[in-house]
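Read off the chains here:
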Amino acid sequence: IDFDFDFPGSPRSMSAAYFEISREFYIPFLRRNDFFDQLSVHIEYNDGFTAYEVSDELMGAASFNNVFLAGFGHPVNIGSFSVATQWLIRVPRASESPDFQFTIVWAQPVLKNRIFITGFADLYSQDKLFEAEKELVFQAEPQFWYMFTSKLGAGTELEISKNFPYGPESWKIRPTLALRWDF
């Protein structure tokens, strides 16, 4: 779940909300084969909305367009570091045709679990607004956390994007500050 609190005006309020539910399932008979033992089936659902200022007296809102995703995942090990990869088909609501998505996800504790580096990067295609063409979208959110305890941390996230949520959009880098509580 991700909320952005940067709607203009006073008092400031939420400008976007986003969530995704994803699961990976291993196929038991493939786990007996060394080549396929880490191959998983991935399913996911994403949805959200954004609010924006039209004028001083009027605001608008739009959906990020809910998306169902399905495909395969497999970890890639680089020394002691592991990156999860996902190769997915995207089926956005009301889209003319399916799209693709490639995702990498990482999480690495360092310095006796005091520093935690995590994040993801997505590259996917989507329909252009008001055109019968596709566009590529890139989005990444690397996070850097200092963990005060095993449950409580403070850190930062860099929101890096191009054409997100819809293009044409130039490259954007938005740093954030955050508190983290692990349940």
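Residue numbering note: each chain is counted from 1, following its sequence as written. Per-residue local features are limited, in this predicted model, to residues with pLDDT of at least 70; the limit for side-chain atom pairs, both in listing and counting, is 80 or more; totals at the level of whole chains, interfaces and linings are taken over all residues. Based on all heavy atoms of the structure, the side-chain values leave hydrogens and waters out of the count.

1. Looking at the overall build of the protein
Secondary structure summary: the protein contains 0 helices and 12 strands in total. Going along the chain from the N terminus, every DSSP run of H or I of four or more residues is numbered as a helix, and every run of E of two or more is numbered as a strand. Order of helices (α) and strands (β) in the protein, N terminus to C terminus: β-β-β-β-β-β-β-β-β-β-β-β. Each of the three principal axes of the protein carries a C-alpha extent, and together these read 60 × 45 × 25 Å. Summary of the burial criterion: residues with accessible area below 20% of their type's maximum are buried, those above 50% are exposed, and those between are partly exposed, where the area comes from a 1.4 Å probe applied to protein chains only. Put simply, the protein has 183 residues, and 32% of those count as buried. Two residues form a contact once any of their heavy atoms are found within 4.5 Å. Intrachain contacts of the protein at a sequence separation of at least 6 include 38% that bridge at least 24 residues. All accessible areas in this document rest on Shrake-Rupley with a 1.4 Å probe, and a residue is counted as covered only by the protein chains that are shown. For the protein, the computed accessible surface area is about 12,000 Å², with 65% contributed by carbon and sulfur atoms.

2. Overview of the confidence of the model for the protein
Counting all residues, the mean pLDDT for the protein is 89, and 98% of those residues have values of 70 or more. For the protein, per-element mean pLDDT is lowest for strand β1 (residues 2–4), which scores 75, and highest for strand β10 (residues 143–147), which scores 97. As a per-residue measure, pLDDT tells how confident the predictor is, with possible values from 0 to 100.

3. Looking at the environment of Tyr166
As for its placement among the helices and strands, Tyr166 is situated in the loop between β11 (152–162) and β12 (172–181). The spacing of Tyr166 and Phe64 is 102 residues in sequence and 8.6 Å in space, taken between C-alpha atoms. The residues contacting Tyr166, other than those within four sequence positions of it, are Ser63, Phe64, Asn65, Gln126, Leu129 and Glu135.

4. Here's the deal with the pattern of salt bridges
Between Lys or Arg on one side and Asp or Glu on the other, a salt bridge is scored when a side-chain nitrogen of the former is within 4 Å of a carboxyl oxygen of the latter. Summed over all chains, the structure comprises 6 salt bridges. The salt bridge partner of Lys134 is Asp99, with a shortest N-O separation of 2.7 Å. With a gap of 35 residues between them, Lys134 in strand β9 (residues 134–140) and Asp99 in strand β7 (residues 99–110) connect regions that are remote in the sequence. When its relative accessible area of 35% is taken as the criterion, Lys134 is described as partly exposed. One salt bridge in this structure joins Arg174 and Glu159, with 3.5 Å as the shortest N-O distance.

5. Some remarks on the pairing of strand β4 (residues 59–63)
Relative to β4, strand β3 (residues 40–53) is paired through 5 bridges, and the arrangement is antiparallel. Directly across from Tyr52, in β4, lies its bridge partner Gly60. Two strands are said to pair when DSSP picks up at least two bridges between them. Between the end of β3 and the start of β4, which pair antiparallel, lie 5 residues.

6. Here we look at the packing of aromatic side chains
Only centres within 6.5 Å qualify two rings of Phe, Tyr or Trp (six-membered ring in Trp) as a pair; their planes then separate them into stacked at under 30 degrees, edge-to-face at over 60, and tilted for everything else. A full pass over the atoms with the stated rule returns 5 aromatic pairs. With 4.3 Å between their ring centres and 45° between their planes, Trp87 and Phe102 make a pair best called tilted. Linking Trp87 in strand β6 (residues 81–92) with Phe102 in strand β7, this pair joins segments that are 15 residues apart in sequence. Their ring planes at 55° and their centres at 5.5 Å tell us that Phe138 and Trp171 sit as a pair that is tilted. One end of the pair, Phe138, is in strand β9; the other, Trp171, is in the loop between β11 and β12, and 33 residues separate them in sequence. By relative accessible area, Trp171 is classed as exposed at 52%.

7. Some words on unusual backbone geometry
With a phi angle near 55°, Lys112 is a residue other than glycine that sits in the positive phi range. Mapped onto the elements of the fold, Lys112 is located in the loop between β7 and β8 (115–127). Given a relative accessible area of 82%, Lys112 falls into the exposed group. In this structure, Asn163 takes a positive phi of about 65° despite not being glycine. Tracing the chain through its elements places Asn163 in the loop between β11 and β12.

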